[in-house]
Amino acid sequence: MDNTVLQLEKVNKIYGTVVKTQALFDLDLEFERGSFNAIIGQSGSGKSTLLNIIGALDNPTSGKVVIDGIDITKKNQKELSTIRNKTIGFIFQFHYLLPEFTAYENVLMPYWMNNMNPPNEIIDKANYLMEKMGLKDVKDKPSTNISGGQQQRTAIARSLINNPPIVLADEPTGNLDSENTQTVYYLLREINKEFKTTFILVTHDQRVAQMADRIIELKDGKIKMDVNNFIEV
Amino acid sequence: MRLALKIAWRFLKESRGQSLLIISAITIGVSVQIFIGLLIQGLQLNLVDQTIGNASQITVRSTRDDDVIVSPQTMIEKIKETEYANEITSIFPVSETPGIVRLEKRDFSSFIRGFDFDEANKVYEFAQNIVEGEMPKETNEVIIGTDMAKELSLKVGDEISVVIPPVVIFPKTVKISGIFKLGLGTANRSWIISDIKTVQNLTNKPNTSSSIEMQIQEPFEADVIASGIQNALKGEEIKILNWKIENEDLLSALDGQSISSIMIQIFVIISVSLAIASVLAISVVQKSKQLGILKAMGIKNSMAGQIFIYEGLILGVFGAILGTILGVGLIWMFTTFAVNPDGTPVVPVYVNYGFILLSMGIAVASAVISATIPGRRSAKLSPIEVIRNG
Ligand SMILES: Nc1ncnc2c1ncn2[C@@H]1O[C@H](COP(=O)(O)OP(=O)(O)O)[C@@H](O)[C@H]1O
Ligand SMILES: [Mg+2]
């Protein structure tokens, strides 16, 4: 099996038509299957732009984004929905749960988009993930009635329910205290090992970056540093 | 349950106040539509019923010089053999003649009408409207109206002399067996009613009739049926008249009412649709965060659009049901409390289920159609805007 799960070729992103802001400059990147990657950089360096493009939420102005051999920049709206649903799990800084549904229902939502009657296997998986995230007791509460940390862990469980090969996380702990931050990263790392899921996460937290296999630093839309990290924490 | 429907339901539940607001708008719209619709239909039916409920709707007359239908029973059989037989609810021959009631001091013009009571009672309801005495049992017995009885100081049991033109010298005698009071003023004042045999004897025209009268299932089809029968009986010495020709004014008044009723309903539908479209449009903005999340998780644009279509459907169905309950309730109150001194409703309303179902259907359909506008906006919404702006 090809060991590259994701490949970026000459990716450019220019915002605006009148006043143009170039956020990414000719980015070339490859990500290894099952790796745990951290993207760091100052605010405005293009981290979110990069993640949104990888996540098929935004189009690059030019360049290719190839996931499992498929160039997603050539896909139509409907195909992009399928990619967002099946190939990519997204964890946002603001956990973004649906307030109209319980924590458990939020976790199942990506699966429901394909099938409203999940088989036992999926129900077991949802329960397993929630238990692992320490959400057993708040499972059936409305998603707005649980703490910030619990909401973020629900969002993590949700990003994993469809077993995507790639999970993207944009400052997933930005809103959490340091204890919760530790827990969340610990859990992500465990999932990465258990499911061989490729993680790409944006962080400004030095300690978190240290836990990754690889650290990529962006500066003004270009790669400033790209190092493999062999120190296991 | 489909996911779009489930999400629609949760969205509506979450913004309960807004949902109830739209439902009340639809409820009021539908109830006004049903109330006014049923009321106008009731008025129209009432008006038509008063005009032709107790009268001939199709009348067959002779075109012969002597103005008689020679063998009315044979003619009735022929009519019953046409394809229109099933439309006819009653059919009977009538013999009639002008007659002068000769009293000691004065003469009084009257119109003597002889019926086959078995059939004619269904139309004219003589038997139900006898206020004194009884229906004629024997030949030469007649009943007269209350107004005539009062005017001429006649009572049950009296015998009266009548002169039948053109033979004015030999008056004939008939006996009053009862006094009636019909809804029709002229009848109460100038009709003398008897069995058909009595009139045939008075006029010396046995086995004939002056006309054949009919009532039909669908009175508004009278013109079509009349000309249909006329065509089927080509060659007979008859002409066929129908009530619509003689009541053109009434018919155009009814048309005017129907048009204003349709106008009211169109305006109700437009205002309800606008209410739904605008509130749901606001809802798309309010729920844009959720829609962005759903899209980031991979919901298809078509399904995102369906959410609002389902919202329209749910709101429409609830509004239509509540509106029907309210509308029918208002009609019930109207017929129960707006009554004549004798307790009958001022406007007797007939509950037209077809019309109610149609009103409900229109409400639901316009709710769904107006939801397609916010639905399209929801489908178009791009997830990145929401994700970027938090
Ligand atoms: N929608 C947008 N329109 C215009 N400029 C944008 C937009 N989004 C981001 N940018 C610009 O692109 C650059 C990179 O932004 P971003 O990817 O959000 O950086 P980071 O996530 O590293 O803070 C910044 O200069 C930012 O101002
Ligand atoms: Mg950012």
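It should be noted that the structure appears before, not after, this text.
Thresholds applied
Residues numbered from 1 in each chain as written. Chains lettered and ligands numbered in written order. Predicted model: local features only at pLDDT ≥ 70, side-chain atom pairs only at ≥ 80, totals over all residues. Heavy atoms only, no water. Helix = DSSP H or I, 4+ residues; strand = E, 2+ residues; numbered from the N terminus. Rg over C-alpha atoms; globule rule 2.2 N^0.38 Å. Buried < 20%, exposed > 50% of the residue type's maximum accessible area, 1.4 Å probe, protein only. Contact = heavy atoms within 4.5 Å. Areas by Shrake-Rupley, 256 points an atom, 1.4 Å probe, with all protein chains shown as cover. Lys, Arg positive; Asp, Glu negative; His and termini not counted. Charge placed at Lys NZ, Arg CZ, Asp CG, Glu CD. Core = buried A, V, L, I, M, F, W, Y, C linked by side-chain atoms within 4.5 Å. Near = heavy atom within 4 Å. Polar contact = N/O pair within 3.5 Å; in protein donor to acceptor, adjacent residues only side chain to side chain. Nonpolar A, V, L, I, M, F, W, Y, C, P; charged D, E, K, R; others polar. Pairing = 2+ DSSP bridges. Buried area = accessible area lost by both parts, 1.4 Å probe. Salt bridge = Lys/Arg side-chain N within 4 Å of Asp/Glu carboxyl O.

Caption draft 1: Just the overall build of chain B, in detail. When helices and strands are tallied, chain B shows 14 helices and ten strands. Its C-alpha atoms give chain B a radius of gyration of 32 Å, more than 25% over the compact-globule value 21 Å for 390 residues. Along the first, second and third principal axes, the C-alpha set of chain B runs to 110 × 50 × 30 Å. Burial statistics for chain B: of 390 residues in total, 49% are counted as buried. Put simply, 78% of the contacts in chain B that link residues at least 6 apart link residues at least 24 apart. In the form shown here, chain B has an accessible surface area of approximately 19,100 Å², with 58% of it arising from carbon and sulfur atoms.

Caption draft 2: A look at the overall build of chain A. Per the secondary structure count, chain A includes seven helices and ten strands. Since a compact globule built from 233 residues should have a radius of gyration of about 17 Å, the 17 Å found for chain A is in line with a globular shape. With the C-alpha coordinates aligned to their principal axes, the bounding extent of chain A is approximately 45 × 40 × 40 Å. Counting only residues that meet the buried cut, chain A has 56% of its 233 residues in that class. Of the charged side chains in chain A, 26 are positive and 29 negative, and the gap between their average positions amounts to 3 Å.

Caption draft 3: Broad picture of the environment of Asp223 of chain B. Residue and element names in this part refer to chain B. On the secondary structure map, Asp223 appears in helix α8 (residues 222–232). For the pair Asp223 and Ile240, spaced 17 residues apart in sequence, the C-alpha to C-alpha distance is 9.5 Å. Excluding residues that lie within four positions of it along the chain, Asp223 makes contacts with Asn242 and Lys244.

Caption draft 4: Local environment of the nonpolar core. With 119 residues, the main nonpolar core has Leu6 and Met109 of chain A together with Ile307 of chain B as its most contacted residues. Looking at this core, the element that brings in the most residues is helix α12 (residues 301–337) of chain B, giving nine residues. Residues in contact with Met109 of chain A, not counting those within four places in the same chain, are Leu98 and Phe101 of chain A together with Leu3, Ile7, Leu294 and Met297 of chain B. Core analysis: the next-biggest nonpolar cluster, separate from the first, contains 25 residues, Ile52, Ala226, Ile229 and Leu233 of chain B among them.

Caption draft 5: Seen up close, the site of ligand 1. Surveying the vicinity of ligand 1 reveals the residues Tyr15, Ala23, Gln42, Ser43, Gly44, Ser45, Gly46, Lys47, Ser48 and Thr49 of chain A together with Arg388 of chain B. Close to ligand 1, residues of chains A and B are found. Between an oxygen atom of ligand 1 and a side-chain N or O atom of Ser48 of chain A, the distance comes to 2.7 Å. Burial of ligand 1 by the protein amounts to 66% of the accessible area it has alone, namely 560 Å². Here the element with the most residues in the shell around ligand 1 is helix α1 (residues 47–54) of chain A; it accounts for three residues. Along the lines of polarity and charge, the residues of the shell around ligand 1 split into two nonpolar, seven polar and two charged.

Caption draft 6: View of the sheet that holds strand β5 (residues 70–71) of chain A. All names here are of chain A. Taken together, the four strands give an open sheet; going across it, the order is β2-β1-β4-β5, and neighbouring strands pair in antiparallel fashion. One side of each edge strand has no neighbouring strand; the edge strands of this open sheet are β2 (21–32) and β5. Strand direction decides the pairing type here: strand β1 (residues 4–15) and strand β4 (residues 62–67), joined by five bridges, are antiparallel. Within β4, the position partnered with Asn12 by the bridge is Ser62.

Caption draft 7: Layout of unusual backbone geometry. Following Pro165 of chain B, the chain continues to Pro166 of chain B via a peptide bond in cis, the omega torsion being 5°. Relative to the assigned elements, Pro166 of chain B resides in the loop between β6 (159–164) and β7 (167–180). For Asp220 of chain A, which is not a glycine, the phi torsion comes out positive at approximately 50°. Here Asp220 of chain A lies in the loop between β9 (214–219) and β10 (222–228).

Caption draft 8: Highlighting the interface of chain B and chain A. Taken together, the 27 residues of chain B in the interface contact 25 residues of chain A. Roughly 2,400 Å² of surface becomes buried between chain B and chain A when both sides are summed, with 66% attributable to carbon and sulfur atoms. Put simply, chain B and chain A have two salt bridges between them. Among the salt bridges present, the one from Arg10 of chain B reaches Glu105 of chain A, with a minimum N-O distance of 2.7 Å.

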